[in-house]
Amino acid sequence: MTEATAKHYDTITSPVITEKATLGAEHNQYVFKVPLSATKPEIAEAVEALFEVEVKAVNTLITKGKSKRFRGRPYTRSDVKKAVVTLKDGFNIDVTTGL
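Nothing here was measured: the structure is a model prediction, and the numbers come from that model.

Re the environment of H27
By secondary structure assignment, the location of H27 is in the loop between α2 (19–24) and β2 (29–34). Measuring from C-alpha to C-alpha, the distance between H27 and D89 comes to 9.3 Å, with 62 residues separating the pair along the chain.

Digging into the side chain of H8
Within the secondary structure layout, H8 lies in helix α1 (residues 6–11). Apart from the residues within four sequence positions on either side, H8 is in contact with T2, E3, E45, A46, A49 and L50.

Some remarks on helix α3 (residues 40–51)
Taking 1.5 Å of rise per residue, twelve residues should cover 16 Å, and α3 covers 16 Å from first to last C-alpha, within 8% of that figure. All of the buried residues along α3 are I43, A44, A46, V47, A49 and L50. On the buried face of α3, the contacting elements are α1, β2, β3 (55–63) and β6 (80–87). Just past α3, the residue E52 takes up positive phi, approximately 55°.

Scoring rules and cut-offs
Residues numbered from 1 in each chain as written. Predicted model: local features only at pLDDT ≥ 70, side-chain atom pairs only at ≥ 80, totals over all residues. Heavy atoms only, no water. Helix = DSSP H or I, 4+ residues; strand = E, 2+ residues; numbered from the N terminus. Contact = heavy atoms within 4.5 Å. Expected span 1.5 Å × (residues − 1). Buried < 20%, exposed > 50% of the residue type's maximum accessible area, 1.4 Å probe, protein only.

Nothing here speaks to function; it is all geometry.
Right, dumping it as structure tokens:
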């Protein structure tokens, strides 16, 4: 296990706490928001360093920003990249406590 650095804290922006994400926690899958430039090996290294667990797999997805309107003025939400991190058996993360 490597020691957590500022780079690791920049890689994992925040946990995603939704109904679907909490159902995945039953299967050792946890969802985090990450920067658009983050790669799968960087995400795995950051999760292992910050939470002291072993990562089995990392899957990523990019949610494209929607076009919305507020008081008649159009704007576009930012693109968001999420990482679904699967942990090896015997490891878990309590995302509600934070870092």
